[in-house]
Amino acid sequence: MSRSSGTQTQSGQRQIEIGHFFGEGDGQTMLEALLDGFTSKHPDITVTDQSYSNTAHDLEIKCRILLEDPPGIFVEWPGNNLKPYIDANVIMDITDLWDRNGLHRAFNDGARELVSFDGKQFGIPITIHRKNNLFYNVELAEERGVDPQSIGSPEEFLEVLGQCHGDGVVGMAQPMKNPWTLLQLWSQIFIGQAGVDAYDDLAAGNARSHEREIRDSIELLDEYAAYGSDNANFQGMVAANDAFIEGDAVFFHQGDWVAGAYAEVEGFDYQREWDHVAFPGTADTYVMGMDSIVAPADADDPEISQTFLEYVASKDALKTINRIKGSIPPRGDISLDDFPTFLQHQYEDFNRVRNHTGGQKSMVLPEIGIEQRLAFSTFIAERDVDQTVEELISAYH
């Protein structure tokens, strides 16, 4: 992909670069549609894009900021993931943009709060994914006499997994190749057992006071592993999702982004072949995974950066982004009538639940997130509950 240094003028055509991690799949399709929509409204501006891998994105952006060559806009996870950038004064304050476009009223509270620091806004939220989904194969669940809607707690779910496991089918696809998938599963277990207030308090750094809850949840995570596939340690999220689609697993926990693959499979239809519930114990909570777009404080042309951000915040742009990405819009004034039924149901749940909280990426500072993933790397390698508990507690201090 082409690359430019921030924003510049070439032959009378203005130019801006976007740095992102949407280099494949529905993310790439979404980005292409977004850029097409922007350039149709602003034909005098050319957008070039630089794609990084999900894991390399943060480092690449930080290096370019240090080299004083940041892209004119770039994708980032909001919340505490943004805080080091804010503290270093390297992200553009776009509070005026929010004010003049009435965005404070248009955006949902949870989305707005994750890009707000000290009463100012520093980005545009673009998606809301739900992380605490439990997908299930309808036929396999019925054959085993299981009603997923009735599973009330993570402990009950362990019993159900034992009931489902066997005859060539695993209870739950559990990818363990990368530690983030286990970190995400553990987070849902923790919320389901200890509650969302304890989860938020833990994210605030009060780990030692929740040692008992952490241990209980890690022990249960360890027991769940018995009902995954024999090659789980070598299985990534995509492979696990493929196994679920093929009918090799009754359940699969993951963010709602995986459902995009289901729509592409003939004869694998929502509420007929597959369905979902909230992870047991979290029915009244929406665990949000969000993306946002920000601009550097020293953008070459702040006007073009703000023009792009203003477009991204529009109803038309956000509708395009979320319909393709398989997420719900962070604005509350967008109709989902032409969205897939699954996403309409997700939006209903978003509005119904009492609790909205963030995934680990937005809840903890980046350095804590690194230590969390190291703790779950230990779990994958050693399956030592005591060691994992201590490393996880230490991650928050």
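Residues numbered from 1 in each chain as written. Predicted model: local features only at pLDDT ≥ 70, side-chain atom pairs only at ≥ 80, totals over all residues. Heavy atoms only, no water.

Asks: How should the overall build of the protein be read in this particular structure?
Replies: The secondary structure content of the protein amounts to 19 helices and 13 strands. The globule rule puts the C-alpha radius of gyration for 397 residues at 21 Å, and the 21 Å found for the protein is close to it. For the protein, the accessible surface area stands at approximately 16,400 Å², while carbon and sulfur atoms represent 45% of it. Taking the 28 positively charged and 66 negatively charged side chains of the protein as two groups, their mean positions are separated by 5 Å. (Helix = DSSP H or I, 4+ residues; strand = E, 2+ residues; numbered from the N terminus. Rg over C-alpha atoms; globule rule 2.2 N^0.38 Å. Areas by Shrake-Rupley, 256 points an atom, 1.4 Å probe, with all protein chains shown as cover. Lys, Arg positive; Asp, Glu negative; His and termini not counted. Charge placed at Lys NZ, Arg CZ, Asp CG, Glu CD.)

Asks: Where do I start with helix H10 (residues 196–203) in this structure?
Replies: The α-helix advances 3.6 residues per turn, and as a result positions three or four apart in sequence lie on the same side. Listed as buried for H10 are Val-196, Ala-198, Tyr-199, Leu-202 and Ala-203. Projected down its long axis, H10 shows its buried positions confined to an angular sector of 160°, all on one face. (Buried < 20%, exposed > 50% of the residue type's maximum accessible area, 1.4 Å probe, protein only. Arc of directions from axis to C-beta.)

Asks: What should I look at first to understand the sheet that holds strand E9 (residues 170–173) in this one?
Replies: Within a sheet, each strand pairs with its neighbour through backbone hydrogen bonds, oriented either parallel or antiparallel. Taken in spatial order, the four strands line up as E9-E10-E8-E11 in an open sheet, and their pairing is mixed. Where the open sheet ends on each side, the last strands, each with one partner, are E9 and strand E11 (274–278). Adjacent strand axes in the sheet meet at a mean angle of 25° when their direction is disregarded. Bridge count between E9 and strand E10 (residues 249–254): three bridges; the pairing is parallel. Paired with Val-170 across the strands is Ala-249, a residue of E10. The sheet contacts of helix H9 (residues 179–194) involve E9 and E10, and relative to E10 the element is tilted by about 90°. With respect to the sheet, helix H16 (residues 341–352) is in contact with strand E8 (133–137) and E11, its orientation differing from that of E11 by roughly 10°. (Pairing = 2+ DSSP bridges. Axes fitted to C-alpha atoms, helices over the stretch in contact; angles between N-to-C directions. Contact = heavy atoms within 4.5 Å.)

Asks: Can you walk me through the pattern of salt bridges in this structure?
Replies: Side-chain pairs of opposite charge can arise where the charged atoms are in close proximity. A full pass over the atoms with the stated rule returns 20 salt bridges. When salt bridges that share partners are traced, they join Arg-14, Asp-44 and Glu-303 into one network. (Salt bridge = Lys/Arg side-chain N within 4 Å of Asp/Glu carboxyl O.)

Asks: What is the right way to look at the packing of aromatic side chains in this model?
Replies: Each aromatic ring pair is summarised here by two numbers: the centre-to-centre distance and the angle between the ring planes. Going through the model one piece at a time under the given rule, you end up with 25 aromatic pairs. Judged by centre distance (6.2 Å) and plane angle (35°), the ring pair of Phe-244 and Phe-252 falls under tilted. The residues Phe-244 and Phe-252 share a single accessibility class, namely buried. Measuring from centroid to centroid gives 5.4 Å for Tyr-262 and Phe-268, while their planes differ by 85°, and the two rings are edge-to-face. Note on Tyr-262: relative accessible area 0%, which makes it buried. Among the aromatic side chains, those forming a connected cluster through ring pairs are Phe-135, Phe-244, Phe-252, Tyr-262, Phe-268, Tyr-270, Trp-274 and Phe-342. (Phe/Tyr/Trp six-rings, centres within 6.5 Å; stacked < 30°, edge-to-face > 60°.)

Asks: In this structure, what is going on with the environment of Pro-340? I would like to understand it.
Replies: By secondary structure assignment, the location of Pro-340 is in the loop between helix H15 (315–325) and H16. Separated by 276 residues in sequence, Pro-340 and Arg-64 place their C-alpha atoms 38 Å apart.

Asks: Help me understand the environment of Ser-150 in this model?
Replies: By the element assignment, Ser-150 lies in the loop between helix H7 (138–143) and helix H8 (154–164). Note on Ser-150: relative accessible area 48%, which makes it partly exposed. Only 2.7 Å separates the side chain of Ser-150 from the backbone oxygen of Asp-147, close enough to count as a polar contact. (Polar contact = N/O pair within 3.5 Å; in protein donor to acceptor, adjacent residues only side chain to side chain.)

Asks: Sorry, what's going on with the side chain of Thr-307 here?
Replies: Among the structural elements, Thr-307 can be located in helix H14 (residues 302–312). At a separation of 2.8 Å, a polar atom in the side chain of Thr-307 contacts the main-chain carbonyl oxygen of Glu-303. In contact with Thr-307, other than residues within four places in its own chain, are Phe-38, His-42 and Ile-45.

Asks: Whenever I open this one, the nonpolar core confuses me. Can you help?
Replies: Across soluble globular proteins, nonpolar side chains show a tendency to be buried alongside one another. Among the nonpolar cores identified, the biggest contains 53 residues, and Phe-157, Trp-186, Ile-214, Ile-218 and Phe-251 are the most heavily contacted of them. Looking at this core element by element, the count peaks at seven residues for H9. Within the second largest apolar cluster, 37 residues are counted, among which are Phe-21, Ile-45, Ile-94 and Ile-304. (Core = buried A, V, L, I, M, F, W, Y, C linked by side-chain atoms within 4.5 Å.)

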